[in-house]
Amino acid sequence: METVKLSEIVMKWYPDMMPFLKQDELDSMIVLRDGLSILDSADAMDIIQYSICEHQDSAYLQ
């Protein structure tokens, strides 16, 4: 088990996305059951998408 910031995942797999993510999203702590070393790009994208959804302002979702 390994805990990393979302920014580490983004930098490893999708560094071009960095300017489009908010700082609080990038600072999110993500727990990876099997660690960062075996994370694949599809799983990384799922984690990034989930984190974006978690940080959306509920006022916009009405």
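Residues numbered from 1 in each chain as written. Predicted model: local features only at pLDDT ≥ 70, side-chain atom pairs only at ≥ 80, totals over all residues. Heavy atoms only, no water.

Student: Explanation requested: helix α3 (residues 41-54) in the structure shown.
Tutor: Over its 14 residues, α3 extends 20 Å from the first C-alpha to the last, a length consistent with the 20 Å expected when each residue adds 1.5 Å. Buried residues along α3 sit in contact with α1 (6-13), α2 (23-26) and β2 (29-32). For α3, the capping residue at the N-terminal end is D40, with a side-chain oxygen 3.3 Å from the backbone nitrogen of A42. (Helix = DSSP H or I, 4+ residues; strand = E, 2+ residues; numbered from the N terminus. Expected span 1.5 Å × (residues − 1). Contact = heavy atoms within 4.5 Å. Polar contact = N/O pair within 3.5 Å; in protein donor to acceptor, adjacent residues only side chain to side chain.)

Student: What is the right way to read the pattern of salt bridges from this model?
Tutor: Side chains carrying opposite charge are able to pair once their charged atoms draw close together. One pass over the structure, following the stated rule, counts two salt bridges. Close ionic contact of K5 with D27 constitutes a salt bridge, the shortest N to O distance being 3.8 Å. In this pair, K5 sits in strand β1 (residues 2-5) while D27 sits in the loop between α2 and β2, placing the two residues 22 residues apart along the sequence. Given the relative accessible area of 34%, K5 is considered partly exposed. D27 sits in the partly exposed class, given a relative accessible area of 35%. (Salt bridge = Lys/Arg side-chain N within 4 Å of Asp/Glu carboxyl O. Buried < 20%, exposed > 50% of the residue type's maximum accessible area, 1.4 Å probe, protein only.)

Student: Sorry if this is basic, but what is going on with the nonpolar core here?
Tutor: Within the largest apolar cluster, 13 residues are counted, with the highest numbers of intra-cluster contacts made by L6, I9, V10, I30, L32, L39 and I47. Setting aside chain neighbours within four positions, we find L32 in contact with M1, E2, V4, I9, L39 and I47. (Core = buried A, V, L, I, M, F, W, Y, C linked by side-chain atoms within 4.5 Å.)

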